[in-house]
Amino acid sequence: TAADCLIRGPPPAPDHVVVAAPAGWSGYAVEELEDEIRRWGLLQNRTVTVIPETTAALTWVARVEKLDDCGTVLLCDVGAHSLDLTVATRRGAEFTVRPSTRSTDFSGDHADRLLMGHVVALVQNANPDFDVDEPAHRAALAELAARCRIAKERLSQDTSAVVTVELPGIRRQIRVMRSEFEDVIRG
């Protein structure tokens, strides 16, 4: 879909397309992606290069940030289910990207749960009789979890986000500051 939008987007269509694939993909998976691109025929008469996402990220960062004084760069990719860490070291004018290390100790889902716990703790401080383990509250808590995820995503760009809390007997809005969220996930 992304390649299709790129080709069908405003002219001029590019002659060379670079596709970023997950850094952890095997050579076989990358070949399958290349085959699928050819099979769909989206990029006919165009050169297609598939590169690891870490190389793409480093290329972008090097264009928007001054990295001349950096001998080592650490790329952190917080995904939904894991954290990928990649070290790139300077070799002359170019960076050499080392293989990524994946950790499941922290992820976007983990940050969602931490923010949810923080919001629920604030609710319970103001409403000590609220029982988070009450089965009748499950649906409302699931909705609150979705709102916390959206707030987390907003906090990547904004300095604050509002979480609307609608639980049985409780209706309120909780403003979460980015610094507060960073304190919650710091551990």
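Quick caveat, the model's predicted, so the values are computed rather than measured.

Calculation criteria
The residue numbering used here restarts from 1 in each chain and proceeds along that chain's sequence as written. The model is predicted, so local features are restricted to residues of pLDDT at least 70 and side-chain atom pairs to those at 80 or more, both for listing and for counting; the totals for chains, interfaces and linings are taken over all residues. The side-chain numbers reported here are obtained from all heavy atoms of the structure, hydrogens and water having been left aside. Grouping buried Ala, Val, Leu, Ile, Met, Phe, Trp, Tyr and Cys residues that are joined through side-chain atoms within 4.5 Å yields what is termed a nonpolar core. Burial here depends on accessible area, computed with a 1.4 Å probe over protein chains only, as a share of the maximum for the residue type. Under 20% is buried, over 50% is exposed, and the range in between is partly exposed. The helix and strand labels rest on DSSP assignments: H or I over at least four residues marks a helix, E over at least two residues marks a strand, and numbering proceeds from the N terminus. Between two residues, a contact is recorded if the distance between any of their heavy atoms is within 4.5 Å. Every axis in this analysis is a line fitted to C-alpha atoms, fitted for helices over the stretch in contact. Angles between the N-to-C directions lie between 0 and 180 degrees. What sets the label is the angle itself: under 35 degrees gives roughly parallel, over 145 gives roughly antiparallel, 65 to 115 gives roughly perpendicular, and the rest give oblique. For any helix crossing, the convention is left-handed if the near helix is rotated counterclockwise from the far helix by under a right angle, and right-handed if that rotation is clockwise. For this classification, Asp, Glu, Lys and Arg are treated as charged, while Ala, Val, Leu, Ile, Met, Phe, Trp, Tyr, Cys and Pro are nonpolar and the rest, including Gly, are polar. Note that a disulfide, as used here, is simply two cysteine sulfur atoms within 2.5 Å. At least two DSSP bridges between two strands are required for those strands to pair. Definition used for salt bridges: Asp or Glu carboxyl oxygen within 4 Å of a side-chain nitrogen of Lys or Arg.

1. Remarks on the nonpolar core
Counting residues in hydrophobic clusters, the biggest one holds 22 residues, and the most contacted among them are Val119, Leu144, Val163, Val165, Leu167 and Val176. For this core, the secondary-structure elements that each account for two or more residues are α4 (108-126), α5 (138-154), β7 (160-167) and β8 (170-177). Excluding residues that lie within four positions of it along the chain, leucine 167 makes contacts with Val123, Phe130, Ala140, Leu141 and Leu144. In terms of nonpolar packing, the next biggest core, distinct from the first, is built from seven residues, Leu58, Val73, Leu75 and Ala88 among them.

2. Some words on the packing of α4 against α5
Packing of α4 against α5 leaves a shortest axis separation of 9 Å and a crossing angle of 115°. When the axes of α4 and α5 are compared, the pair comes out roughly perpendicular. The crossing of α4 and α5 is right-handed. Contact residues: Gly108, Ala111, Asp112, Leu115, Met116, Val119 and Val120 in α4; Leu141, Leu144, Ala145, Cys148, Arg149, Ala151 and Lys152 in α5. Per-class residue counts for the contact of α4 with α5 are 10 nonpolar, one polar and three charged.

3. Considering the state of the cysteines
Using the criterion set out here, one finds zero disulfides in the structure. The thiol of cysteine 76 is not disulfide-bonded; the next cysteine sulfur, from cysteine 70, is found 14 Å away. Residue cysteine 76 is classed as exposed on the basis of its relative accessible area of 51%.

4. With respect to the pairing of strand β5 (residues 94-97)
Pairing of strand β4 (residues 83-91) with β5, which is carried by four bridges, proceeds in the antiparallel orientation. Following the sheet pairing, arginine 91 is matched in β5 by glutamate 94. Counting the residues in the hairpin turn of β4 and β5 gives two residues, including glycine 92, whose phi is positive at 70°.

5. A short note on the pattern of salt bridges
Per the stated rule, a full pass over the model turns up seven salt bridges. Between aspartate 84 and arginine 102 there is a salt bridge, with the nearest N and O atoms lying 2.7 Å from each other. In this pair, aspartate 84 sits in strand β4 while arginine 102 sits in strand β6 (residues 101-103), placing the two residues 18 residues apart along the sequence. Its salt-bridge partner being arginine 149, residue glutamate 153 comes within 3.1 Å of it at the nearest N-O pair. A residue pair is termed a helical-turn pair when its members lie 3 or 4 positions apart in one helix, as glutamate 153 and arginine 149 do in helix α5 at four residues. Taking the relative accessible area as the measure of exposure, glutamate 153 reaches 42% and is therefore partly exposed. On the accessibility criterion, arginine 149 (34% relative accessible area) is partly exposed. Linked by salt bridges that have partners in common, Glu143, Arg147 and Glu166 make up one network.

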